[in-house]
Amino acid sequence: MLALFVALGVWAGTYRYFTAQELQRAEARMSLYHSTVLSEIERFEHLTQVLAVDPFVFSGLQGDGLEDLNERLNLFAGAAGLDAIYVMEPNGLTIAASNADEAGSFVGQSYDFRPYFQTALNGGTGTFYGIGATTGLPGYFIADPVLDDEGEVIGVVALKLNLAPFEQAWRDAGEQVFLTDQHDVVLLASDSTWRYRALDPLSEEERARIEVARQFPGQALEALDWNAEAEPRWAEIDGSWRLHVVNAGLPHSWQLHYLRRNDSAVLRAWLATGAFFAISALGLLFAQYQRGRRLGQALRRSEEEEVQLRRANAALAREIEERRRTEMRLEETRGELERASRLAALGKLSASVTHELGQPIAAMRNQLAAHEIKHSPSKLTQTIGGLVDRMEGIARDLKFFARSRSEPFEDVDLRECADAALELMIPGVEAFGVTVSHERPEAPITVRGSRLRLEQVLTNIMRNAVDAMEDAEHSMLEISYGAEGEEVWVEVADTGSGLGDATLVELREPFMTTRASGQGMGLGLAISSGIMDDHGGRLDARNRQDKKGAVFRMVLSKRMAEEVAAQ
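What comes next is a walk through the structure. (Residues numbered from 1 in each chain as written. Predicted model: local features only at pLDDT ≥ 70, side-chain atom pairs only at ≥ 80, totals over all residues. Heavy atoms only, no water.)

This paragraph deals with helix α8 (residues 263-309). Since the α-helix advances by 3.6 residues per turn, residues separated by three or four positions end up pointing in the same direction. Given a rise of 1.5 Å per residue, 47 residues ought to cover 69 Å, and the 67 Å separating the end C-alpha atoms of α8 matches this to within 8%. Inspection of α8 places A265, A269, T273, Q288, G292, L295, G296, L299, S302 and E306 among the buried residues, and these make up the whole buried set. (Helix = DSSP H or I, 4+ residues; strand = E, 2+ residues; numbered from the N terminus. Expected span 1.5 Å × (residues − 1). Buried < 20%, exposed > 50% of the residue type's maximum accessible area, 1.4 Å probe, protein only.)

Next comes the structure, spelled out in C-alpha cells:
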C-alpha cells in the first residue's frame, strides 16, 4: 500500500510538471500564431489610406480614366497579393476594381449593406470579415473614404485580403488552432468542420446583426461541441479534452484559440513512475544481495562453531540441524536472485527486439538486391521485396506508442490500398475457403496519406475478418466503398463471430485481443486507430444487424480528396 501511494504521488507530481511544460510550449506557439495573424492584418491597414489620395482614384470617381484605374488597381493587387481592390461611389456602387476583366467582377455590384462601407462613408476606417457577396469566398475587408478638397466623402476605396492560407499553415503544422470573432463564431480553423460554428449558441439579436450585414450567407451557424468552463486551461471539443490557450489581443475583439493534446505529459509521467519502480527494484535487489552476504557470513560462523561442537554428540546434532535450515534459506535466496535476473534480462530483450529486427530485414534486402543483380527481377523477387518493405513498416510501427511520427503524405488511391491488402490475404482466404466480394468503383478514390500505413490498416482489418470466420459455416468477406457528407470510406464486412460485447474503444487498447492465447498480441486495432488519427480520419466498428459478423469502416476526409482531385 505504501508503494502504491508513493507511485501515485510520483505520477501526480510528474504529470503536473510535464503538463506545465506542455502549456508553456502551447503559449509559445500561440504567441507565434498571434504575431503572424496580427502582422498580416496590420500590413495592409494603410494601403486604402494611400489609395484614397491617389489621383487615379479621384479621376475615376469623376468618371474619367476608369480603364487606367482598373489596370492600376490590378497591378497593386497583384504586387500586394490581395484578392481585390475596388472603388465605390457614395451609393455603394462599384465603378472600378482590380478584377474588372475577370468573371465575378465587383464592377457594377453594390455593397452599401456592408458595415465596412457604412463606416468609411461616415469618415472612418471600416473593417469586416465575411463571405464575399459576389465571389462566395471569405475574406478580410478594409475600407477608407475618398475626400474632396472640402473634406466631403466622394467615394470609398476598399480591399479584400484572403486569410485562408493560415488554415493550411496550421494544418501542415499538425496543430489545432481556430480564430473567433466578437460573436464567438469561428472564422478560420485548422479543422474545416469547425468553421462558421459558434462556441456558444447565438442569440436572436446576434443572428439579426449577422443577417443584416450578410456576413455568413448560407451558413447555419450551429453551436460547436465545445466546453471551456469545466476546468481552467482545459477545453473539450468534439468529445476530447485538450490543453487550451487563448489570446484576445487581436483587433475587433477577435480571439485566437490554440489546442494541444496532453498525451506526451501522460506518457512521460508514466515513464517517470516506471523509472521510480525500476530504481526501487534495484534497491530491493541490492537489499537481497546484502541479505545473501549476511547469510553467507552466518554460514561461515556456523561452520566455525561446528568444529567446536563436534566434541559433544548432542551439540553436533543441533549444529547439523541449524546448518540445514541455513542452507535452505540460502537456496531460497539464490532462487529469488535467479528469478530477478531472468526478469531483468526479459526486460532488456523486449526493449531491443525492434532494434534487432532491423538486421535480418536488412540482410534479406541485401540478398534480394544481390539476386536481382545476378538475375533479372522476377515477380517472386518483387513480391518478396514488397513483403520486406511491409516488414520494415511493421517494425517501425512497434515504436508507434513511444514517439510521434511525421512523414510526408502522397496521393493515395484507396482502391489500390484495398487491392494490395487483399493480395496479401490470398493465402488466408484460400485456406479458410472465404468468398470475397469486392465492389471496386471505376473512379479513383484519392486521399493524401501514407500508402504503406493505410494498406496496413486494411490488412489488419481483413486479417481479423478472415480469422473471425475460421469456424463459420458460410465465409464471406465483403469490401465496399462510399461517401457520406464530407467523408469517404472503405468498409470491410465478414460473416464471423462479430464483436460480441466488446466495443471498439476496448478493442483498440494495446494487448486487448479476442483471439485464443498465442494467436495475436492485440496490437493490430490499436496501431490501426493511431494511423487513422495521424491521417485525420477514424476507424468505426459495429456488429451486423441482418446476419452474423462484424463491419469495420475506415473513414477519411472527403474535402481532402476533393482538393487532390482539383490539382
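The discussion continues.
With that out of the way, let us pick up empty space enclosed by the protein. Picture a little ball the size of a water molecule; that probe, rolled over the atoms, points out where space is still empty. Scanning all chains against the criterion turns up 1 cavity of 30 Å³ or more. Volume-wise, the largest cavity comes out at about 60 Å³. Forming the boundary of the largest cavity are Y86, F106, Y111, R114, Y116, G132, A133, T134, T135, F141 and K160. When the residues that make up the lining of the largest cavity are grouped by side-chain class, the tally is 6 nonpolar, 3 polar and 2 charged. (1 Å grid on protein atoms, 1.4 Å probe; cavity = no way out; pocket = protein on both sides within 12 Å on 5 of 7 lines; lining within 4 Å. Points joined across faces, edges and corners; volume = space filled by probe spheres on them. Nonpolar A, V, L, I, M, F, W, Y, C, P; charged D, E, K, R; others polar.)

In this section: the sheet that holds strand β9 (residues 234-237). Each strand in a sheet pairs with its neighbour through backbone hydrogen bonds, running either in the same direction (parallel) or in the opposite one (antiparallel). With antiparallel pairing, the 6 strands of this open sheet are ordered in space as β7-β6-β11-β10-β9-β8. Because the sheet does not close on itself, it has two edges, and the strands there are β7 (186-189) and β8 (226-227). Where β9 lies against strand β10 (residues 240-247), 4 bridges are found, and the strand directions are antiparallel. Note on β10: the bridge partner recorded for I237 is S240. Packed onto the sheet, helix α1 (residues 2-42) meets β6 (176-180), β9, β10 and β11 (255-260) and runs at close to 140° relative to β11. Along the sheet, helix α6 (residues 165-172) contacts β6, β7 and β11; its crossing angle with β7, the most-contacted strand, is approximately 45°. (Pairing = 2+ DSSP bridges. Contact = heavy atoms within 4.5 Å. Axes fitted to C-alpha atoms, helices over the stretch in contact; angles between N-to-C directions.)

Further remarks concern the environment of L188. Structurally, L188 is set in strand β7. Relative accessible area serves as the criterion here: at 3%, L188 is assigned to the buried category. Considering only alpha carbons, one finds L188 and E167, 21 residues apart in sequence, at a separation of 6.3 Å. Among all residues touching L188, those that are not within four sequence positions of it are Y129, L163, A164, F166, E167, W170, V177, F178 and L179.

On to the side chain of D54, then. Relative to the assigned elements, D54 resides in the loop between α2 (47-51) and α3 (55-61). Judged by relative accessible area, which is 9%, D54 ranks as buried. Polar side-chain contacts of D54 include one of 3.1 Å to the backbone nitrogen of F56. (Polar contact = N/O pair within 3.5 Å; in protein donor to acceptor, adjacent residues only side chain to side chain.)

This paragraph deals with the packing of aromatic side chains. With the rule as written, the count across this model stands at 19 aromatic pairs. Their ring planes at 65° and their centres at 5.6 Å tell us that F276 and F277 sit as a pair that is edge-to-face. Looking at F276, the relative accessible area reads 25%, which means it is partly exposed. Within the aromatic cluster, the residues linked to one another by ring pairs are Y33, F166, W170 and Y258. Of note, R114 hangs over the ring of F141, and the distance from its end group to the ring centre comes to 5.8 Å. The ring of F113 has R214 lying over it, and the distance from NZ or CZ to the ring centre is 3.9 Å. (Phe/Tyr/Trp six-rings, centres within 6.5 Å; stacked < 30°, edge-to-face > 60°. Lys NZ or Arg CZ within 6 Å of the ring centre and 35° of its normal.)

Before going further, it helps to examine the packing of α1 against α8. One way to put it is that α1 packs onto α8 with a least axis distance of 8 Å and a crossing angle of 145°. Between α1 and α8 the crossing geometry is right-handed. Contact with α1, carried on its side by A3, V6, A7, V10, W11, T14, Y15, F18, T19, Q21, E22 and R25, involves S264, A265, V266, R268, A269, W270, A272, T273, F276 and F277 of α8 and no other residues of that element. Looking at the contact of α1 with α8 residue by residue, the classes come out as 14 nonpolar, 5 polar and 3 charged. (Left-handed = near helix turned anticlockwise from the far one by under 90°.)

Mapping P138 onto the fold places it in strand β4 (residues 138-147). Judged by relative accessible area, P138 falls into the partly exposed class, the value being 24%. It is 8.9 Å that separates the C-alpha atoms of P138 and L161, two residues lying 23 residues apart in sequence.

Taken together, the side chains of E67, D68, E71, D101 and E102 make up a negatively charged region of the molecular surface. Structurally, the position occupied by D101 is in the loop between β2 (94-97) and α5 (115-121). Classification of D101 by relative accessible area gives exposed; the value is 80%. (Patch = residues over 30% accessible without salt bridge, like charges linked within 9 Å, V, L, I, M, F, W, Y side chains within 5 Å. Areas by Shrake-Rupley, 256 points an atom, 1.4 Å probe, with all protein chains shown as cover. Salt bridge = Lys/Arg side-chain N within 4 Å of Asp/Glu carboxyl O. Lys, Arg positive; Asp, Glu negative; His and termini not counted. Charge placed at Lys NZ, Arg CZ, Asp CG, Glu CD.)

Everything listed is a geometric property; what it means functionally is a separate question.
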